[in-house]
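In case you want the letters, here they are:
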Amino acid sequence: MTHAPGTTRAVRLGPRSLITLALVSAVGVVAFGWPFLAPPTSQVGTHTQDAPWLFAGLLVLLVAVVAAAIAESGLGPKAVAMLGVLAATGAALRPIGAGTAGIEPMFFLMVLSGRVLGPGFGFVLGNVTMFASALLTGGVGPWMPFQMLAMGWFTMGAGLLPGPDRVRGRAEVRLLATYGFLAAFAYGTAMNMAGWPFMGALASNIAFDPDAGVPANLARFVTYCLATSLGWDLGRALVTVVLTLTLGPVLLRALRRATRRAAFEAQVTFEAPER
């Protein structure tokens, strides 16, 4: 099978990797959304103080997904080098605007990388980048597995966008900018979901109520997002859009050129010697 220039995929998810990814995503959905999945009579809500540490076991599953993807895809040294460079760049970009109105330039790099290098590479890259940035910024804690999973989904989603072989130029940049804008809000909402149930009595009107039903808690969660993180998420989304529109065309060409030169999927063949 041949690919058009610029459509090479650095990481192909095989059957085992796909199954592992599906399992960890299912566990992640439960880990993020348990307040809406557990009935009011459930005892889960009584463990809000230790639940983050229990969910930190998700980190082990994420490492398993990354290991399976790398092992099954036969990731070569050039692809590993590309993964390392992009992860290090993303980790270095993250602290630039940390704590300032959601200015997080790493997100636009994840969008472009996922688009060029595919969903498999994107999921691995998102996880590794967030892990590296957590070590760099001292952000290691029970929230880290949630950040890794959310960033993996964020980057993988860019690789799943339609038209990788057909959409180019301004249309592709606009597509990526639109995705980046919406996905930046989705990332922020997911991370809100990870922390919202553990507020306790800090904000009784918008905190998770284990005795309330799903509609009441959904209203509380929406209010919590609007009151606490809308400005931050909007800043992240706008920065992603601006950087994608301005730097996207150049970086897309650079990433595709680097991928072609690395020839990640080139197969080694041996021919019989001439007699």
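### A closer look at the pattern of salt bridges
Summed over all chains, the structure comprises five salt bridges. Among the salt bridges present, the one from arginine 236 reaches glutamate 104, with a minimum N-O distance of 2.8 Å. Of this pair, arginine 236 sits in helix α9 (residues 230-262) while glutamate 104 is found in the loop between α4 (77-93) and α5 (106-137), placing the two residues 132 residues apart along the sequence. A residue is classified by how much of its surface remains accessible, and arginine 236, at 5% relative accessible area, is buried. The partner of glutamate 172 in a salt bridge is arginine 115, and the shortest N-O contact between them spans 2.8 Å.

### Section: a nonpolar patch on the surface
On the surface, Val214, Leu218, Val222, Leu226 and Leu230 cluster together into a nonpolar patch covering about 420 Å² of accessible area. For the nonpolar patch, the element with the most residues is helix α8 (residues 214-228), which contributes four residues. Inspection of the secondary structure assignment puts leucine 218 in helix α8. We classify leucine 218 as partly exposed; its relative accessible area is 44%.

### Structural notes on the packing of helix α6 (residues 144-159) against helix α7 (residues 169-195)
Taken N-terminus to C-terminus, the directions of α6 and α7 make an angle of 160 degrees; their axes are 10 Å apart at the nearest point. As judged from the angle between their axes, α6 and α7 are roughly antiparallel. Of the two possible hands of crossing, α6 and α7 adopt the one that is right-handed. Between α6 and α7, the contacting residues are Phe146, Gln147, Ala150, Met151, Trp153, Phe154, Gly157 and Ala158 on the first element and Tyr179, Gly180, Ala183, Ala184, Tyr187, Met191 and Ala194 on the second. Residue composition of the contact of α6 with α7, by class: twelve nonpolar, three polar and no charged.

### Side note on a positive patch on the surface
Residues Arg253, Arg257, Arg260 and Arg261 make up a contiguous surface patch of positive charge. Relative to the assigned elements, arginine 261 resides in helix α9. For arginine 261, a relative accessible area of 66% puts it in the exposed group.

### A look at the environment of alanine 227
Within the secondary structure layout, alanine 227 lies in helix α8. Separated by 21 residues in sequence, alanine 227 and isoleucine 206 place their C-alpha atoms 9.0 Å apart.

### Here we look at the environment of proline 35
Summarising the element assignment, proline 35 is placed in helix α1 (residues 15-37). Assessed through its relative accessible area of 3%, proline 35 is described here as buried. Put simply, proline 35 and methionine 193 are 158 residues apart on the chain and 8.7 Å apart in space, counted from C-alpha to C-alpha. Those residues in contact with proline 35, other than ones at most four positions away along the chain, are Trp196, Pro197 and Phe208.

### A short note on the nonpolar core
Soluble globular proteins tend to pack their nonpolar side chains together in the buried interior. With 60 residues, the main nonpolar core has Phe32, Leu86, Met151, Phe154 and Tyr187 as its most contacted residues. Here the element with the most residues in this core is α5; it accounts for 15 residues. Beyond its immediate stretch of four places on either side in the chain, methionine 151 contacts Met106, Phe107, Met110, Gly126, Met130 and Tyr187.

### Quick notes on the packing of aromatic side chains
Taken as a whole and judged by the stated rule, the model has eleven aromatic pairs. With 5.9 Å between their ring centres and 45 degrees between their planes, phenylalanine 32 and tryptophan 153 make a pair best called tilted. Here the residue phenylalanine 32 occupies a position in helix α1, and tryptophan 153 occupies one in helix α6, the gap between them amounting to 121 residues. Judged by relative accessible area, which is 6%, phenylalanine 32 ranks as buried. For tryptophan 153, a relative accessible area of 23% gives the class partly exposed. Plain terms: the ring middles of phenylalanine 107 and tyrosine 187 are 5.0 Å apart, the flat faces sit at 75 degrees to each other, and that makes the pair edge-to-face. Of this pair, phenylalanine 107 sits in helix α5 while tyrosine 187 sits in helix α7, and the two are 80 residues apart along the sequence. Taking the relative accessible area as the measure of exposure, tyrosine 187 reaches 7% and is therefore buried. Among the aromatic residues, those joined into a ring-pair cluster are Trp34, Phe36, Trp196, Phe208 and Phe221.

### Focus on the confidence of the model for the protein
A residue-level look at the protein finds 75% of positions with pLDDT of 70 or above and a mean pLDDT of 79. Ranking the elements of the protein by mean pLDDT puts helix α2 (residues 51-55) last with 56 and α7 first with 93. Long-range and interchain partners of residues 1-7, a stretch whose pLDDT sits below 50, account for eleven contacts in this model, where long-range means more than four residues apart.

### A short note on the side chain of serine 133
Position of serine 133 among the secondary structure elements: in helix α5. Looking at serine 133, its side chain comes within polar contact range of the side chain of arginine 94, at 3.0 Å. The contact partners of serine 133, leaving out residues within four places of it in the chain, are Ala91 and Arg94.

Calculation notes
- Residues numbered from 1 in each chain as written.
- Predicted model: local features only at pLDDT ≥ 70, side-chain atom pairs only at ≥ 80, totals over all residues.
- Heavy atoms only, no water.
- Salt bridge = Lys/Arg side-chain N within 4 Å of Asp/Glu carboxyl O.
- Helix = DSSP H or I, 4+ residues; strand = E, 2+ residues; numbered from the N terminus.
- Buried < 20%, exposed > 50% of the residue type's maximum accessible area, 1.4 Å probe, protein only.
- Patch = residues over 30% accessible without salt bridge, like charges linked within 9 Å, V, L, I, M, F, W, Y side chains within 5 Å.
- Areas by Shrake-Rupley, 256 points an atom, 1.4 Å probe, with all protein chains shown as cover.
- Axes fitted to C-alpha atoms, helices over the stretch in contact; angles between N-to-C directions.
- Parallel < 35°, antiparallel > 145°, perpendicular 65-115°, else oblique.
- Left-handed = near helix turned anticlockwise from the far one by under 90°.
- Contact = heavy atoms within 4.5 Å.
- Nonpolar A, V, L, I, M, F, W, Y, C, P; charged D, E, K, R; others polar.
- Lys, Arg positive; Asp, Glu negative; His and termini not counted.
- Charge placed at Lys NZ, Arg CZ, Asp CG, Glu CD.
- Core = buried A, V, L, I, M, F, W, Y, C linked by side-chain atoms within 4.5 Å.
- Phe/Tyr/Trp six-rings, centres within 6.5 Å; stacked < 30°, edge-to-face > 60°.
- pLDDT = per-residue confidence, 0-100.
- Polar contact = N/O pair within 3.5 Å; in protein donor to acceptor, adjacent residues only side chain to side chain.

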